[in-house]
Each structure stands twice: as C-alpha cells, then as structure tokens.
Amino acid sequence: MSNFITNVPKFETEEGDKILYPFSPPIFQTEVDDKFTKELIEEGRKLTKEEDDFNSQLAGNLKYGRSYHYKEDYLLKVEPYLKTYVERFFNGIYSQYGKDNKMVERLLKVQHDRRQHRQGNVRLDTLWINFSQKHDFNPPHTHSGALSFVIYCKVPKKIFENQPESNNQHAGEIVFHHNTNISTLDGFDYPVRPFENLIFIFPSKLKHYVPAYWVDEERISVSGNFRVV
C-alpha cells in the first residue's frame with residue numbers, strides 16, 4: 001500500500017487505516033491565567049440585575065442563577081489579552097493546514113458591499129458572566145459574530161458526581177454538536193467535563209448545549225463573542 005500523507009487531523013486504527021477529519025469545525029482549547037479568572041469573578045460580582053442583567057439574552061434558563069454583561073470599558077480592558085488566544089488559535093490552524101489554507105481567511109472576510117469583500121479585524125463584541133446554580137441549563141444554540149468562547153472560572157467537582165436517571169449522562173458538562181444534514185455519520189456530540197481556567201474558542205455557529213446539574217453548588221463561567229469589522 002502506498003504511503004498516503006495528509007496534514008489534516010486524523011487518527012490511525014490498529015490495522016493501519018486512517019480516519020480523517022478535514023471538515024469538522026475546529027475548537028481551540030487551552031488554559032487562561034488563574035489571576036485572570038479571579039479578576040473576571042471579582043468584576044462580575046460588582047454587576048447588578050438592575051443595570052447589567054443578561055438573562056433575557058440567553059438561549060437557556062438560569063432560573064436559579066443569574067447572567068450579567070460586563071460594561072464596555074471592561075471589554076476594552078480585556079480585549080487585548082483575549083485576542084492573544086485568538087491569534088494562537090489561528091497560528092495553530094496555519095501550523096496544521098499550512099498558510100495557504102483558506103479557513104482563517106474566510107472567517108475574517110466581511111462584506112464591504114454586494115460585489116466585494118475586505119479583510120476585517122477581530123474585535124470583542126460581547127462579554128457576559130454566568131453564575132449558574134442547580135437545575136440551570138442551556139439548550140442547543142449558536143452565537144452571533146465570527147468566534148465565540150467560554151472560560152470556566154469556578155467548577156465544583158461535586159456537580160459531576162450526581163447524574164440524572166437518563167441516557168444523557170453529562171450533568172455539568174458542555175456538549176458541542178456538529179451536524180450538517182440528517183446523516184448519522186455526519187454529526188456527533190463532543191461532551192467535555194470542564195475545569196477551572198479552561199477556555200474554548202470555536203466558530204460562533206457551532207451548536208453547543210449545557211445540561212443541568214443536580215447539586216447545590218455554584219458554577220461560574222464567562223462567555224463572549226468576537227465579530228469581524
């Protein structure tokens with residue numbers, strides 16, 4: 001058998017066969033600085049329901065917890081730090097696929113008029129903090145903008161210990177879902193059990209959901225969207 005070489009994500013079976021992943025949306029994962037997550041919590045605790053409520057903008061239901069959007073001046077403060085991770089995401093794609101790959105280029109194209117496109121800049125558009133409690137959840141949804149992210153600031157391990165009597169055993173996790181049509185092989189769920197300081201950056205139109213958990217603990221996460229201008 002000839003030695004076929006490819007630089008797309010893949011894994012090899014025991015028989016030497018390769019299963020390739022050239023099409024699935026990429027998800028960037030790393031960890032942010034612990035001082036940064038503590039600052040996000042500290043600033044989030046200052047926000048109020050009267051001025052900064054974000055519950056009505058969520059896809060899900062934080063009936064027992066609360067969500068607040070950070071003020072514009074704080075977005076400007078943290079934008080440079082968060083954009084370093086976007087740059088690392090793009091550099092990783094270039095490293096994997098090569099500089100001539102069009103994935104990042106297509107992401108950064110913004111419509112200038114009906115006939116042409118121009119290269120855009122990534123800007124932090126929205127930033128909000130979720131103080132989640134027992135029974136809170138987010139159903140399958142997507143975001144606005146070009147890129148979205150989630151940072152886990154506080155994740156009590158107890159929220160994973162009590163699973164519901166159900167075939168969905170992902171209490172307290174985040175589940176990414178990709179499916180382009182009705183084919184079973186063309187879609188899948190990717191559940192992740194988060195931990196503190198974990199950050200994911202992903203295309204905003206990648207569907208994801210957050211099942212409820214069942215213990216009296218507070219989980220704190222910060223999410224946001226980048227747009228191209």
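Report follows, based on the coordinates. (Residues numbered from 1 in each chain as written. Predicted model: local features only at pLDDT ≥ 70, side-chain atom pairs only at ≥ 80, totals over all residues. Heavy atoms only, no water.)

Along its twelve residues, helix α1 (residues 34–45) runs 17 Å from first to last C-alpha, staying within 8% of the 16 Å computed at 1.5 Å per residue. Within the sequence span of α1, burial applies to F36, T37, L40, I41 and G44. Projected down its long axis, α1 carries its buried residues within an arc of 140°, all on one side. Looking at the packing, one finds that the buried side of α1 touches α3 (72–97), β7 (122–132), β9 (147–154) and β14 (219–228). Capping the start of α1 is the job of one residue whose side-chain oxygen sits 2.8 Å from the backbone nitrogen of K35: D33. (Helix = DSSP H or I, 4+ residues; strand = E, 2+ residues; numbered from the N terminus. Expected span 1.5 Å × (residues − 1). Buried < 20%, exposed > 50% of the residue type's maximum accessible area, 1.4 Å probe, protein only. Arc of directions from axis to C-beta. Contact = heavy atoms within 4.5 Å. Polar contact = N/O pair within 3.5 Å; in protein donor to acceptor, adjacent residues only side chain to side chain.)

Turning our eyes to something else, we now look at the pattern of salt bridges. Scanning all chains against the criterion turns up ten salt bridges. Of the charged contacts, one joins E43 and K46 as a salt bridge, the two residues approaching to 3.2 Å between their closest N and O atoms. Taking the relative accessible area as the measure of exposure, E43 reaches 21% and is therefore partly exposed. Note that D52 is salt-bridged to K71, the shortest N-O span being 2.9 Å. Taken together, the residues span a long stretch of sequence, with D52 in helix α2 (residues 49–52) and K71 in the loop between β4 (66–69) and α3 at a distance of 19 residues. D52 gets classed as buried once you look at its relative accessible area, which sits at 3%. Accessibility expressed as a relative area gives 36% for K71, which makes it partly exposed. (Salt bridge = Lys/Arg side-chain N within 4 Å of Asp/Glu carboxyl O.)

With respect to topology, six strands assemble into an open sheet ordered β3-β12-β9-β14-β7-β4, the strand pairing being antiparallel. Only two strands of the sheet have a single partner each, and these edge strands are β3 (28–31) and β4. Going across the sheet, the axis of each strand differs from the next one's by a mean of 20°, ignoring polarity. In this structure, β9 lies alongside strand β12 (residues 198–203), joined through five bridges in antiparallel fashion. Each bridged residue has a counterpart across the sheet, and for F149 the counterpart in β12 is I201. Across the face of the sheet, α3 comes into contact with β3, β7, β9, β12 and β14 while running at roughly 105° to β7. (Pairing = 2+ DSSP bridges. Axes fitted to C-alpha atoms, helices over the stretch in contact; angles between N-to-C directions.)

Taken together, the side chains of F11, I19 and Y21 define a hydrophobic patch exposed on the protein surface, amounting to about 260 Å² of accessible area. Relative to the helices and strands, F11 is located in strand β1 (residues 10–12). The exposure class assigned to F11 is partly exposed, which follows from its relative accessible area of 40%. (Patch = residues over 30% accessible without salt bridge, like charges linked within 9 Å, V, L, I, M, F, W, Y side chains within 5 Å. Areas by Shrake-Rupley, 256 points an atom, 1.4 Å probe, with all protein chains shown as cover.)

Turning our attention to the packing of α1 against α3. Packing of α1 against α3 leaves a shortest axis separation of 13 Å and a crossing angle of 165°. Classified by the interaxial angle, the pair formed by α1 and α3 is roughly antiparallel. Read as a crossing pair, α1 and α3 show a hand that is left-handed. Seen from α1, the contacting residues are F36, E39, L40 and E43; seen from α3, they are Y74, K77, V78, Y81 and L82. Broken down by class, the residue content of the contact of α1 with α3 amounts to six nonpolar, no polar and three charged. (Parallel < 35°, antiparallel > 145°, perpendicular 65-115°, else oblique. Left-handed = near helix turned anticlockwise from the far one by under 90°. Nonpolar A, V, L, I, M, F, W, Y, C, P; charged D, E, K, R; others polar.)

What follows is about the packing of aromatic side chains. As enumerated under the stated definition, the model contains eleven aromatic pairs in all. Pairing F176 with F200 gives two aromatic rings, centres 5.3 Å apart and planes at 80°, and the pair type is edge-to-face. Of the two residues, F176 is situated in strand β10 (residues 174–179) and F200 in strand β12; the sequence distance between them amounts to 24 residues. Their ring planes at 75° and their centres at 5.1 Å tell us that F176 and F202 sit as a pair that is edge-to-face. A residue pair is termed long-range when its members are at least 10 positions apart, and F176 in strand β10 and F202 in strand β12 qualify at 26 residues. An aromatic cluster is defined as three or more aromatic residues linked by ring pairs; in this entry it consists of F176, Y190, F200 and F202. (Phe/Tyr/Trp six-rings, centres within 6.5 Å; stacked < 30°, edge-to-face > 60°.)

The subject of this paragraph is the nonpolar core. Soluble globular proteins tend to pack their nonpolar side chains together in the buried interior. Counting 37 residues, the largest nonpolar core has Y70, I151 and I201 as its most contacted members. When contributions to this core are tallied by element, the ones reaching two or more residues are α1, α3, β7, β9, β12 and β14. Ranked by residues supplied to this core, first place goes to α3 with ten residues. Among residues more than four places away in sequence, those in contact with I151 are V32, F36, T37, L40, L82, L198, I199, I220, S221 and V222. Judged by nonpolar contacts, the second largest core, of 16 residues, contains F176, F202, L206 and Y213. (Core = buried A, V, L, I, M, F, W, Y, C linked by side-chain atoms within 4.5 Å.)

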